[in-house]
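# Structure at a glance
Listed below, chain by chain, are the residues.
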Amino acid sequence: MSTKFIKGSNNTTVSEQDYINFWEKVTDETSLFATQYLTDLIGKMISLESNYRYAKGDLTYERLLSTLYFCALYCPIQKGGLLTKWIEKYEKHRRNVKIKSKVPDMIIECIKKLYVKDQQILEQLTIQTLIPKVFAIYTPDDVTKNNLVASKTHILNPDFAFEEHGEYSFLYVFVMKCFNTKKRIEPEVLNGLEKQLVSIEKKFEIVANPKMPETYLLCIVFFVKQIISLYPLRQRESLYNLMENLEPFRSWPLPHGIYVHEMMDYLHNETKCYGFSLLNRLLSRFPVLQFTEQDRFTGTFKFPSRIEDEDEVRSRSASLNSFDQNSAIDVIQNTQTTFVFINSEEDNESTYIHEFRAANGMGIGITQQKFIKLKLLLLFYSQYYELSYDVVHQMLVLPRGEIANRFQAFLKARAEVQIKDYTDQYDTLSQFVKAQIEEIAQLKPEEGLKQVTTEEIEDPLFDLEAEQEEITNGVYTPDFPLIRFTVIDISEILAAYSNSEKTSTLYYRPKKVYKYMLDIFTALSKNLVPLMPRVELKLVVYGDNSHLYEIFSAFALLRMEYINLFEKIQPSFYIVPSNYNTLAQWMASKDQWYLKHIYVPFYEKPILPRLDPLSVSLKMPQGGQKFGDTRILPVDMLDELFQSYLRDAENLERLFIFEVECYAYTTEDSANLTPDIILPFAQYLDIGLNEEYMSFLKSNSLPLNTPKLDVIGDPYFKFASHDLTVKAKATDPMGIEYVDERVFSRTFKNITLSNIPRQDEFVNHRNHYDPFLEMTYLEAASFKQEQHLIKDGFKSSQGGKVVRELANCYSNLQVKTVTITTNDKSKPFDICVDGEIFGPFSSILVRPLLLDGKIATFPVRTFLPFQ
């Protein structure tokens, strides 16, 4: 199958059954299939390199690289003559062919070492070769040469010229798994990272782009934070050395200096108490760990798994999960605070989410809570007292309530000595821990001890026999629990309703999604707030632009109508693209870690072969097994990266929300008119060419990432000019409005109001936290010149000059409010709002969405702070 796939057609998508069969064979340790597949990949790469054909259909050179590296690390490779022969052939080929990239050489070296199955070699390979690639920076070359002139994708904004193709998207997961085998990190790892920090300024001092060293620094600091907070380092000297190497970067400009400063505080606390970072992360992600058996709360909590409506056309009853609570632990444990919104009808690839391990889970269980607290206690106690095997066994048989109470006592003691210096703090806590252990050692069965049950002994989180090696080595690091989530398919929610409806508020309302989200917020507000002052609600949007706008517009309306709910709940949106998603694309341009570990794996899907989404069915087949019961590796990788996003993305960026009042008809007394509908948006609004381009793609079921130039050249694509009058309240770069209103009436080919930039637009480099929109327009007189320049640009090597001349065709204006009205009432215009088409309208009014005098915001989670 592998030979036929690689050497045959360029179509890299296979059916569901073929996909399952293929990866079952590749992961079979008793089969040579993985070795054969690896040799086929190497052979195909030789063919492409020899003929300099780096892209043909889906079987591109970059995808082959990514798949080769993936299989080298994850698949069971059999040492034998076939693979050795191909490696030798490839090495000979590389000596004869001049290729700039050194990636294949590193991959081949990786393969040669990995099939030896030597754990020590693997660890050295991880430290020396793989870790630097985890946070490698991909800086585009001449963007106009590579993306405008050569590949004709019309990428005019250099921030979107991604050079990342997925070769290293899974390395972070792989490296963390290497650390997890020993439950700790070695000092050599931090020593290697220190060298990377030292070399930053020297390495990039001749680079013209200042973002390179700044982004590189952010990636290294982020990586250090993750490994320290998951696997505490017991060598205090290594932490001090790392802090010393970070010190020079505290003076760097925002956000880099403050990010380093926060990391140094993080490390300083870690030097005082090993595991401090892990404890903070666990308590913030799982608030249930903060409560004891004495925290009581009674009541009935009802949470919807599907929302029905009174005028439901189909007759089906609501399915509700109801349960009684008798403690605060049960309330938080059983309450879902992470939801993943998909739309299986519009996006079949979203069915991947059903294969993830944490889907439809119900939080961490009571037994798991006990052993997390127990292992944390062992981690902390071991720093102040030499624990014996008998003491650990004695602690194991403590009842859940006793563990919880002693865990709380330690947290209280830690808080009381927090302001002391290290010596005083150590002495005080040593006395406290010694007293605790003496109390535990003197306990008798009638005073709280019990026999260890078989269920607890065999618990995977704390198998006593399996933990004996850790106990001997003094390592007590708990596994970080999975972030559980509920999958919500909005195609089921919208089954019996139109996409939207006009309500008394006039705002666009995706009715069923709105009601579902309201029930989520209301349920959490009523049941969690008495126990916690504020709770984070994670909302994951897994899909494309259209799916995102449904969720966003429902959120914007809730934000206006139920302000009190947001005093008690802090919503955070996680954007995972399964198809074309401009918000995810912008986030990838600003966050290198998001680009590498979320955008490329989920959107580009670099591992070959790829699953044909049209072949996936969620129905139960005759065997009683669902797709994905066999853990196929690409899904495993996506699962790990998805968990990393939910767990590690701590930076919160807020996009301003604007609204557009739409009028189908206008009169001379327009001030007294009532808008037909009001639409919220957070990304962009298009009139003219861009709107007609998007409408053409949707009406013809074309991929939404189809290059605009290809569409403009299509003989069936028709677009017209618009005679419009624009009245705008312009601002200076600081957002201060000018006194006079700008009014101009012209014939436009396109008008764009941007809150965030896009890859094919000439938008000034503005910050997303500026409280105004960037208005970019192309007049009809400049359109012909633009097309002429683009056409000649593909025949010329002077790409930079072409882009500069293209930019002169566009005009830019910074505006807070703007009114756009047609001069010919017989020719209304449509608008494209965040990728959705609405209209026709004769006039629109765009302005910020104000709540209590402040502009409303849309909060999205990222890994790194935006520059």
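Residues numbered from 1 in each chain as written. Predicted model: local features only at pLDDT ≥ 70, side-chain atom pairs only at ≥ 80, totals over all residues. Heavy atoms only, no water.

What follows concerns the overall build of the chain. For the chain, the helix and strand inventory stands at 31 helices and 22 strands. Counting contacts in the chain only where the partners sit at least 6 residues apart, residues at least 24 apart contribute 79% of the total. Accessible area for the chain stands at about 36700 Å²; split by element, carbon and sulfur atoms hold 48% of it. (Helix = DSSP H or I, 4+ residues; strand = E, 2+ residues; numbered from the N terminus. Contact = heavy atoms within 4.5 Å. Areas by Shrake-Rupley, 256 points an atom, 1.4 Å probe, with all protein chains shown as cover.)

Membership of the largest hydrophobic core comes to 245 residues, with the highest contact counts inside it found for Met517, Phe642, Ile831 and Ile844. Element by element, the count of residues in this core is highest for helix α11 (residues 211-230), at twelve residues. Those residues within four positions of Ile831 in sequence are excluded, and the remaining contacts are Val660, Cys662, Leu679, Leu685, Asp686, Ile687, Glu691, Glu836, Ile837, Phe838, Phe841 and Ile844. (Core = buried A, V, L, I, M, F, W, Y, C linked by side-chain atoms within 4.5 Å. Buried < 20%, exposed > 50% of the residue type's maximum accessible area, 1.4 Å probe, protein only.)

Here we come to the pattern of salt bridges. The tally for this structure, following the rule as stated, stands at 16 salt bridges. In this structure, Asp686 engages Arg758 in a salt bridge whose closest nitrogen and oxygen atoms are separated by 2.9 Å. Of this pair, Asp686 sits in strand β12 (residues 684-688) while Arg758 sits in the loop between β14 (742-754) and β15 (773-779), and the two are 72 residues apart along the sequence. On the basis of relative accessible area, Asp686 is assigned to the buried category, the value being 1%. Two residues, Glu779 and Arg746, come together in a salt bridge whose shortest N-O distance is 2.9 Å. Here Arg746 lies in strand β14 and Glu779 lies in strand β15, a separation of 33 residues in the sequence. (Salt bridge = Lys/Arg side-chain N within 4 Å of Asp/Glu carboxyl O.)

Below, the discussion takes up the packing of helix α16 (residues 366-381) against helix α17 (residues 389-396). α17 packs onto α16 with a crossing angle of 150° between their chain directions and a minimal axis gap of 11 Å. As summarised for this structure, α16 and α17 are arranged roughly antiparallel, according to the angle between their axes. In terms of crossing hand, the pair formed by α16 and α17 is right-handed. Between α16 and α17, the contacting residues are Lys370, Phe371, Leu374, Leu377, Leu378 and Tyr381 on the first element and Val392, Met395 and Leu396 on the second. Each residue belonging to the contact of α16 with α17 can be placed in one class, and the counts come to eight nonpolar, no polar and one charged. (Axes fitted to C-alpha atoms, helices over the stretch in contact; angles between N-to-C directions. Parallel < 35°, antiparallel > 145°, perpendicular 65-115°, else oblique. Left-handed = near helix turned anticlockwise from the far one by under 90°. Nonpolar A, V, L, I, M, F, W, Y, C, P; charged D, E, K, R; others polar.)

Following Leu254, the chain continues into Pro255 via a peptide bond in cis, with omega recorded as 0°. Considering the arrangement of structural elements, one finds Pro255 in the loop between α12 (236-246) and α13 (256-272). Put simply, Leu608 and Pro609 share a cis peptide bond, and its omega is -5°. Counting through the fold element by element, Pro609 comes out in the loop between α26 (592-604) and β8 (610-611). Its identity is not glycine, yet Asp834 carries a phi of approximately 50°, on the positive side. For Asp852, which is not a glycine, the phi torsion comes out positive at approximately 55°.

The residue Asn245 is located in helix α12 in this model. Sequence separation of Asn245 and Lys195 is 50 residues, and the distance between their C-alpha atoms is 8.7 Å. Here Asn241 takes part through its backbone oxygen, which lies 2.9 Å from a polar atom of the side chain of Asn245. (Polar contact = N/O pair within 3.5 Å; in protein donor to acceptor, adjacent residues only side chain to side chain.)

Relative to strand β16 (residues 811-822), strand β13 (residues 722-730) is paired through seven bridges, and the arrangement is antiparallel. Note that in β16 the partner of Lys729 across the bridge is Thr817. Alignment of β15 against β16, held across five bridges, turns out to be antiparallel. Paired with Leu773 across the bridge in β16 is Val815. Bridging between β16 and strand β19 (residues 843-848) involves four bridges; their strand directions are antiparallel. Across the sheet, the residue bridging to Val818 is Val846, located in β19. (Pairing = 2+ DSSP bridges.)

A full pass over the atoms with the stated rule returns 40 aromatic pairs. Geometrically, the ring pair formed by Trp23 and Phe70 is edge-to-face, given 6.1 Å between the ring centres and 90° between the ring planes. Remark: Phe70 occurs in helix α4 (residues 61-74) and Trp23 occurs in helix α2 (residues 16-26); sequence separation between them is 47 residues. In terms of burial, Trp23 and Phe70 fall into one category: buried. When the ring of Phe222 is compared with that of Phe863, the centres are 5.6 Å apart and the planes differ by 80°; the resulting orientation is edge-to-face. (Phe/Tyr/Trp six-rings, centres within 6.5 Å; stacked < 30°, edge-to-face > 60°.)

As a further point, take α11. If you check α11, its first and last C-alpha atoms are 29 Å apart, about what 20 residues at 1.5 Å a residue would give, namely 28 Å. Buried residues dominate α11, accounting for 19 of its 20 residues. (Expected span 1.5 Å × (residues − 1).)

Counting buried positions along strand β22 (residues 857-862) gives six out of six residues, so the element sits mostly inside the fold. Going residue by residue along β22, you find Thr857, Pro859 and Arg861 tucked away on one face and Phe858, Val860 and Thr862 tucked away on the opposite face as well. One ladder, built from six bridges, connects strand β9 (residues 651-656) with β22; its direction is antiparallel. Within β22, the position partnered with Leu655 by the bridge is Phe858.

Turning our eyes to something else, we now look at the packing of α11 against α13. Close contact between α11 and α13 brings their axes to 11 Å; oriented N to C, the two are set at 20°. The pairing of α11 with α13 is recorded here as roughly parallel in orientation. Both α11 and α13 take part in a crossing whose hand is left-handed. Of the residues in α13, those touching α11 at Glu214, Leu217, Leu218, Val221, Phe222, Val224, Lys225, Ile228 and Ser229 are His256, Tyr259, Val260, Met263, Tyr266, Leu267 and Glu270. Looking at the contact of α11 with α13, its residues break down into eleven nonpolar, two polar and three charged.

In this section: α2. Listed in full, the buried residues belonging to α2 are Glu16, Tyr19, Ile20, Phe22, Trp23 and Val26. Viewed end-on, α2 has its buried residues packed into an arc of 165°, placing them on one side of the element. (Arc of directions from axis to C-beta.)

Let us now look at the confidence of the model for the chain. Caution applies to low-pLDDT parts of the model: their predicted coordinates are not meant to be read in detail. Residues with a pLDDT of 70 or more make up 71% of the chain, whose mean pLDDT is 75. Ranking the elements of the chain by mean pLDDT puts strand β3 (residues 320-325) last with 30 and β22 first with 95. Low pLDDT, under 50, characterises residues 452-462; the predicted model gives this stretch 26 contacts beyond four residues in sequence or across chains. Note that pLDDT drops below 50 for residues 496-504; the model gives that stretch 19 contacts with residues more than four away or on any other chain. (pLDDT = per-residue confidence, 0-100.)

By the secondary structure assignment, Ser572 is in strand β7 (residues 569-577). The exposure class assigned to Ser572 is buried, which follows from its relative accessible area of 0%. At 3.1 Å, the side chain of Ser572 and the side chain of Glu536 are in polar contact. Reaching out from Ser572, the side chain makes a polar contact with the side chain of Arg861 at a distance of 3.3 Å. Discounting residues that sit within four places of it in the chain, Ser572 has contacts with Glu536, Leu537, Lys538, Leu539, Leu652, Pro859 and Arg861.

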